[in-house]
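Each chain is listed here by its residues.
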Amino acid sequence: DALPISYPATLQREYYNLIRYHPEPRYPHSAKVANFTGVGVYRVHFDTAGKATRVEVLRSAGHKALDDRSIAVLLLWEAYPGKLKRADIQFVYNL
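About the thresholds
Residues numbered from 1 in each chain as written. Predicted model: local features only at pLDDT ≥ 70, side-chain atom pairs only at ≥ 80, totals over all residues. Heavy atoms only, no water. Helix = DSSP H or I, 4+ residues; strand = E, 2+ residues; numbered from the N terminus. Contact = heavy atoms within 4.5 Å. Areas by Shrake-Rupley, 256 points an atom, 1.4 Å probe, with all protein chains shown as cover. Phe/Tyr/Trp six-rings, centres within 6.5 Å; stacked < 30°, edge-to-face > 60°. Buried < 20%, exposed > 50% of the residue type's maximum accessible area, 1.4 Å probe, protein only. Core = buried A, V, L, I, M, F, W, Y, C linked by side-chain atoms within 4.5 Å. Pairing = 2+ DSSP bridges.

1. Some words on the overall build of the protein
Within the protein one finds three helices and five strands. Shown N-terminal to C-terminal, the secondary structure of the protein runs as helices and strands in the order α-β-α-β-β-α-β-β. A separation of at least 24 residues holds for 69% of the contacts in the protein among residues at least 6 apart in sequence. Roughly 5400 Å² of accessible area belongs to the protein as shown, and the carbon and sulfur atoms make up 51% of that amount.

This is how it looks when you write it as structure tokens:
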């Protein structure tokens, strides 16, 4: 893991009061070495307890390593119980 990636502040503000735990993914080492960049959009589904249960790729970041990292970290996210059923999140990977 190396550089943190960014996601738009507008999405962060939209979900700020609804998502209590939202770690950011870090660049996979193999993707950094290969100079992979991309923008991915992912839909996170939450259960009534607030736990992320699944992630859909709405728009691939263009590289499996970036999408896999995004999905893995989004499955760690937690919303406040009963506050959010799903959220569309964009991650921007650039070196």
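There is more to say after this.
2. Let's talk about the packing of aromatic side chains
Across all of its chains, the model carries three aromatic pairs by this definition. A centroid spacing of 6.3 Å and a plane angle of 85 degrees characterise the contact between tryptophan 77 and phenylalanine 91, whose relative ring orientation is edge-to-face. Residue tryptophan 77 is found in the loop between helix H3 (64–74) and strand E4 (78–79), and its partner phenylalanine 91 is found in strand E5 (residues 86–93); the two are separated by 14 residues along the sequence. When sorted by exposure, tryptophan 77 lands in the same class as phenylalanine 91, which is buried. One aromatic cluster is present, formed by Tyr42, Trp77 and Phe91 through successive ring pairs.

3. Describing the nonpolar core
Counting residues in hydrophobic clusters, the biggest one holds 20 residues, and the most contacted among them are Val44, Phe46, Leu74, Trp77, Leu84, Ile89 and Phe91. For this core, the secondary-structure elements that each account for two or more residues are strand E2 (38–46), strand E3 (52–59), H3 and E5. Counting residues per element, this core draws most heavily on E5, at four residues. If near-sequence neighbours (up to four positions away) are discounted, tryptophan 77 is found in contact with Ile19, Tyr21, His22, Pro23, Phe46, Gly50, Lys51, Ala52, Ile89 and Phe91.

4. Here we look at the pairing of E2
Judged by how many residues are buried, E2 sits mostly within the fold: seven of nine residues are covered. Alignment of E2 against E3, held across six bridges, turns out to be antiparallel. Directly across from phenylalanine 46, in E3, lies its bridge partner alanine 52. Taking the residues between adjacent antiparallel strands as the criterion, E2 and E3 are bridged by five residues, where glycine 50 takes a positive phi near 95 degrees.

Without other data, these values stay purely geometric and don't point to any function.
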